[in-house]
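Residues per chain are reported as follows:
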Amino acid sequence: LFDVFKLLNEGRPNTNHKTIAKMAKEGRICTILTTNFDEFIEQALDDEAIKYRVICTNEEYREYFENGCEEFAVLKIHGTISRPETIIAVASHYKTSGGFDGYKSAVAHHFIKTVPTIFFGYSGWDFTHANYQEFWDAAGRAGGENIYFMRRKGSRGGPLLSKLVGRHIGDRLVIGE
């Protein structure tokens, strides 16, 4: 199965990855949180000579949180291709301790509470899992005014994205070109 995931890492960073890296180099981004297994963001950061740390495991999230979330990091919620043992491939995995545990949530909530947080392309399809819904409920309470969504015009979110947007951030769904 992990050989199949390696195919996701073929190619080079696209314009989005490069733009994120340039924003990081300019100091406009303090960390990156992603659900992607591929390493295109890391490649784009390397191309810009940006120092960062990749964080995947619950233990790494605990350490990062306890150290104040100060270091620039790529927070990979579902793991990374170069460390196959970190990959969380199915949302049902989040019902176990291997998934979205307290420290992953705590780190994400830290950023949502303290800085504007933009979610690119989030679909909302995973809201059928109670763990995600609990996360978003807590995120909205922690700093809903800092949450922004960026999606392409014409794209449709999952069945409950409008529920999240309406409940926690009102009418602030940002649509990109």
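Once a new chain begins, its residue numbering starts again from 1 and follows that chain's sequence as written. At least 70 in pLDDT is required for a residue's local features to be given in this predicted model, at least 80 for side-chain atom pairs to be given and counted, and no such filter applies to totals for whole chains, interfaces and linings, which use all residues. Hydrogens and waters are ignored; side-chain quantities use all the structure's heavy atoms.

Novice: I would appreciate a short explanation of the nonpolar core in the present structure.
Specialist: One broad rule of soluble globular proteins: the nonpolar side chains tend to lie buried together. To form a nonpolar core, buried Ala, Val, Leu, Ile, Met, Phe, Trp, Tyr and Cys residues must be joined to one another through side-chain atoms within 4.5 Å. Throughout, exposure labels follow a simple rule: accessible area from a 1.4 Å probe, protein chains only, divided by the maximum for the residue type, with under 20% read as buried, over 50% as exposed, and the rest as partly exposed. Core analysis: the biggest nonpolar cluster contains 11 residues, these being Ile 20, Ala 21, Ala 24, Ile 29, Ile 32, Ile 41, Ala 44, Leu 45, Ile 50, Phe 72 and Val 74. Secondary structure elements follow DSSP: runs of H or I no shorter than four residues count as helices, runs of E no shorter than two count as strands, and numbering proceeds from the N terminus. For this core, the elements supplying multiple residues, two or more each, are helix H2 (15-25) and helix H3 (40-47). Contacts are residue-level and defined by heavy atoms, with any inter-residue pair within 4.5 Å sufficient. Apart from the residues within four sequence positions on either side, Ala 44 is in contact with Pro 13, His 17, Lys 18 and Ala 21. Within the second largest apolar cluster, nine residues are counted, among which are Ala 73, Ile 77, Val 107 and Phe 111.

Novice: Hey, could you run me through the pairing of strand E3 (residues 73-76) in this one?
Specialist: Two faces, one strand: in a regular strand the side chains alternate between the faces of the sheet. Burial along E3 is two-sided: Ala 73 and Leu 75 and Val 74 and Lys 76, pointing in opposite directions, are all buried. For a crossover, the right-handed case is the one in which the path from the first strand over the helix to the second runs clockwise, viewed with the strands pointing away from the viewer. Following the chain from strand E2 (residues 53-55) across helix H4 (residues 58-66) to the adjacent parallel E3, one finds a crossover that is right-handed.

Novice: Before we go on, may I ask you to explain the pattern of salt bridges in this structure?
Specialist: Any two side chains of opposite charge can pair, given that their charged atoms come close. Think of a salt bridge as a Lys or Arg side-chain nitrogen and an Asp or Glu carboxyl oxygen that are within 4 Å of each other. Taken as a whole and judged by the stated rule, the model has 10 salt bridges. Here Lys 22 and Glu 48 are joined by a salt bridge, their closest N and O atoms 2.9 Å apart. In this pair, Lys 22 sits in helix H2 while Glu 48 sits in the loop between H3 and E2, placing the two residues 26 residues apart along the sequence. Residue Glu 42 pairs with Lys 76 through a salt bridge whose shortest N-O separation is 2.9 Å. In this pair, Glu 42 sits in helix H3 while Lys 76 sits in strand E3, placing the two residues 34 residues apart along the sequence. Like Glu 42, the residue Lys 76 is buried in the burial classification. A cluster of three or more residues bridged by salt bridges with shared partners is formed by Lys 22, Lys 25 and Glu 48.

Novice: Would you mind going over the sheet that holds E3 with me for this structure?
Specialist: The pairing of strands in a sheet happens through backbone hydrogen bonds and is either parallel or antiparallel. In spatial order, the strands read E1-E3-E2; together these three strands make up an open sheet with parallel pairing. Taken across any chain shown, the strands that pair with only one partner, and hence form the sheet edges, are strand E1 (32-34) and E2. Taking each pair of neighbouring strands and ignoring which way they run, the sheet shows an average axis angle of 20 degrees. Only strands that DSSP links by at least two bridges are regarded as paired with each other. As defined by bridge partners, E1 adjoins E3 across three bridges and the pair is classed as parallel. Its bridge partner lying in E3, Leu 33 is registered against Leu 75. Its contacts with the sheet place H4 against E2 and E3, and it is angled at close to 125 degrees to E2. As a rule, the C-alpha atoms of each element are fitted with a line to give its axis, helices using only the stretch in contact, and angles between N-to-C directions run from 0 to 180 degrees.

Novice: Can you help me understand helix H5 (residues 102-114) in this one?
Specialist: Residues spaced three or four apart along an α-helix point in a common direction, a consequence of the helix completing one turn every 3.6 residues. A helix is expected to span 1.5 Å multiplied by its residue count minus one. The end-to-end C-alpha distance of H5, which contains 13 residues, comes to 18 Å, matching closely the 18 Å that a straight helix rising 1.5 Å per residue would cover. If you check which residues of H5 are buried, you get Lys 104, Ser 105, Val 107, Ala 108, His 109, Phe 111 and Ile 112.

Novice: Explanation requested: the environment of Asn 14 in the structure shown.
Specialist: Within the secondary structure, Asn 14 sits in the loop between helix H1 (2-6) and H2. Sequence separation of Asn 14 and Ala 44 is 30 residues, and the distance between their C-alpha atoms is 8.6 Å. Within polar-contact distance, the side chain of Asn 14 engages the backbone nitrogen of Asn 16 at 2.8 Å. The definition of a polar contact used here is a pair of N or O atoms within 3.5 Å, where within protein one atom must be able to donate a hydrogen and the other to accept one, and adjacent residues in sequence count solely through side-chain atom pairs.

Novice: Sorry if this is basic, but what is going on with the packing of H2 against H3 here?
Specialist: Two quantities define a packed helix pair, namely the angle between the helix axes and the distance between the axes. At a minimum axis distance of 8 Å, the contact between H2 and H3 shows a crossing angle of 50 degrees. By the criterion of interaxial angle, the relationship of H2 to H3 is oblique. Where H2 crosses over H3, the handedness of that crossing is right-handed. Taken together, the residues of H3 that come into contact with H2 (itself represented by His 17, Lys 18, Ala 21 and Ala 24) are Phe 40, Ile 41, Ala 44 and Leu 45. Taken together, the residues that form the contact of H2 with H3 break down as six nonpolar, one polar and one charged. Orientation is classified from the angle alone, with under 35 degrees giving roughly parallel, over 145 giving roughly antiparallel, 65 to 115 giving roughly perpendicular, and any other angle giving oblique. Crossings are classed by handedness, with left-handed meaning an anticlockwise turn of the near helix from the far one by less than a right angle and right-handed meaning a clockwise turn. Residues are sorted three ways: Asp, Glu, Lys and Arg are charged, Ala, Val, Leu, Ile, Met, Phe, Trp, Tyr, Cys and Pro are nonpolar, and all the rest, Gly among them, are polar.

Novice: What should I look at first to understand H4 in this one?
Specialist: Along H4, the residues classified as buried are Asn 58, Glu 60, Tyr 61 and Tyr 64. The buried residues of H4 occupy an angular sector of 160 degrees when the element is viewed end-on, so they sit on one face. Contacts from the buried residues of H4 go to E2, E3 and H5. Positive phi shows up at Gly 68, right after H4, with a value of about 90 degrees. The directions from the helix axis to the C-beta atoms are what the arc is built from.

Nothing here speaks to function; it is geometry throughout.
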